[in-house]
Amino acid sequence: FLWHHVAVTFNGTTARLYVNGAQVASGASSAFTSGTVRVGSDGTLVFSGRLDECAAWTVALSAEEIDGIFTAGAAVYPRGGLFFDYRFDEHSSSSMTDMSGNGNAGTISGTFTWTTATYVQPRFLVRDMGLCLSLNGSDERIALPGTLTDDLDGAAGLTLAAWARPLNIGGRILVLLTDSGNSGALIKTTSGGGNGYWESFSRSQGSDSTDTASVTGLDGPQLGRWAHVALVIDYVNRRHDLYHNGLCIGRDVSIGWSRTSWLGSTQGGQLGGYSGGDYWKGELDELQVYGRALSASEIRRGFLTGQWDSTGRALLLDWDDGTLVDRSGNGHVLTLTNVDTSNLVAGFM
């Protein structure tokens with residue numbers, strides 16, 4: 001079964017049908033009249049299959065706008081004329097939340113099931129990843145400087161994100177350390193029940209050792225395949241979100257931290273493992289750290305288009321210039337252990 005993006009526009013005289021961003025048909029059509037709006041049925045015929053990101057506008061979108069939505073999804077929805085916007089991300093609900101801001105919540109009829117969507121491969125993802133960092137999973141790691149967490153001190157949120165291609169399950173991709181050297185923000189892979197999972201961990205500061213949040217057992221990485229993983233920590237709203245390929249797959253809203261500050265650490269953090277082990281085996285690319293909580297639409301847009309806002313970015317490692325340096329503009333100096341430029345390889349998705 002394959003996903004397809006379908007859209008219909010009407011400008012008052014002509015209706016146009018688009019499939020996967022391209023116009024495939026058009027014809028003269030009479031004006032619409034008022035009536036009931038339904039999703040998944042016309043009142044007689046009922047759709048059998050999966051639906052996601054259903055939206056409607058009171059204006060006819062252009063071909064360029066339709067193509068942009070196919071490429072980047074709801075992150076680039078035009079706001080003008082947006083009538084309703086159903087993302088179907090509730091997991092369980094008695095009504096469909098309208099994300100347009102117009103309050104057009106949908107009323108559910110009948111029964112259906114919620115499931116995780118596996119999207120058609122966006123065009124951006126079929127690409128040359130450029131140079132990537134390859135780690136052997138046994139003794140290679142990179143220490144991040146204390147200046148990085150100093151820059152994050154006082155931040156109202158954090159975001160850690162990276163493209164990862166695991167060649168073994170287990171190992172730390174990225175960890176930031178608190179004032180006491182404990183893991184304050186962590187992304188890794190772990191195994192359980194014969195499966196591989198993303199695992200994320202967060203803490204406001206070292207003294208919060210008994211007040212942590214962890215999300216495990218959700219959509220996991222596949223050996224030898226690239227995937228995007230991100231951890232977003234919102235201290236203000238006390239929320240911990242884990243993203244896989246642009247979608248939030250786990251959320252903890254029960255973290256009890258009373259603080260909104262990140263205390264700096266002389267140790268900074270680690271990439272690919274730490275001195276005691278837990279080494280990562282695989283390839284990494286476009287690793288980023290932000291001193292703010294990126295929104296769901298920013299994560300989705302970045303995953304689909306490769307376009308990331310630089311606001312609040314404290315660290316960027318993409319290695320495309322053939323060096324192991326921070327390209328965020330903040331000049332954070334890395335300390336390499338058994339890692340050199342021979343670890344930079346060409347990556348293809």
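Keep in mind the model is a prediction, meaning the values are calculated, not measured. (Residues numbered from 1 in each chain as written. Predicted model: local features only at pLDDT ≥ 70, side-chain atom pairs only at ≥ 80, totals over all residues. Heavy atoms only, no water.)

1. Description of the overall build of the protein chain
When helices and strands are counted, the protein chain shows 3 helices and 22 strands. The burial tally for the protein chain puts 44% of its 349 residues in the buried class. Summarising the internal contacts of the protein chain: among those between residues at least 6 apart in sequence, 63% fall at separations of at least 24. A total of about 16700 Å² of accessible surface is found on the protein chain, and carbon and sulfur atoms cover 48% of it. (Helix = DSSP H or I, 4+ residues; strand = E, 2+ residues; numbered from the N terminus. Buried < 20%, exposed > 50% of the residue type's maximum accessible area, 1.4 Å probe, protein only. Contact = heavy atoms within 4.5 Å. Areas by Shrake-Rupley, 256 points an atom, 1.4 Å probe, with all protein chains shown as cover.)

2. Focus: unusual backbone geometry
Of note in this structure, R238 is not a glycine but carries a positive phi near 55°. Counting through the fold element by element, R238 comes out in the loop between strand 15 (227-234) and strand 16 (239-244). The backbone phi angle of W319 is positive, close to 60°, even though this residue is not glycine.

3. So, the packing of aromatic side chains
Counted according to the given criterion, the structure contains 5 aromatic pairs. Plain terms: the ring middles of W57 and Y77 are 5.1 Å apart, the flat faces sit at 85° to each other, and that makes the pair edge-to-face. Within this pair, whereas W57 is found in strand 4 (residues 54-57), its partner Y77 is found in the loop between helix 1 (63-72) and strand 5 (82-86), the two being separated by 20 residues in sequence. In this structure, W57 and Y77 share a single accessibility class: buried. Joined through ring pairs, the aromatic side chains of F83, F84, Y86 and F88 make up one cluster. Positioned over the ring face of Y274 is R172, at 4.3 Å from the centre of the ring. (Phe/Tyr/Trp six-rings, centres within 6.5 Å; stacked < 30°, edge-to-face > 60°. Lys NZ or Arg CZ within 6 Å of the ring centre and 35° of its normal.)

4. A closer look at the pairing of strand 19 (residues 281-290)
For strand 19, the tally of buried residues reaches 9 of 10 residues, placing the bulk of the element in the interior. Relative to strand 19, strand 10 (residues 157-166) is paired through 7 bridges, and the arrangement is antiparallel. Opposite A164, over in strand 19, you have L284 as the bridge partner. For strand 19 and strand 20 (residues 313-317), the ladder comprises 4 bridges, and the chain directions are antiparallel. Residue pairing for strand 20: Q288 is matched across the bridge by L316. (Pairing = 2+ DSSP bridges.)

5. Comments concerning the sheet that holds strand 2 (residues 14-19)
Strand order in the open sheet formed by 3 strands is 1-2-3, with antiparallel pairing between adjacent strands. Whereas interior strands pair on both sides, the edge strands pair on one side only; in this sheet they are strand 1 (6-10) and strand 3 (22-28). Direction aside, neighbouring strands of the sheet carry axes that sit 20° apart on average. The pairing of strand 2 with strand 3 spans 6 bridges and is classified as antiparallel. Counterpart to V19 in the pairing with strand 3 is A22. (Axes fitted to C-alpha atoms, helices over the stretch in contact; angles between N-to-C directions.)

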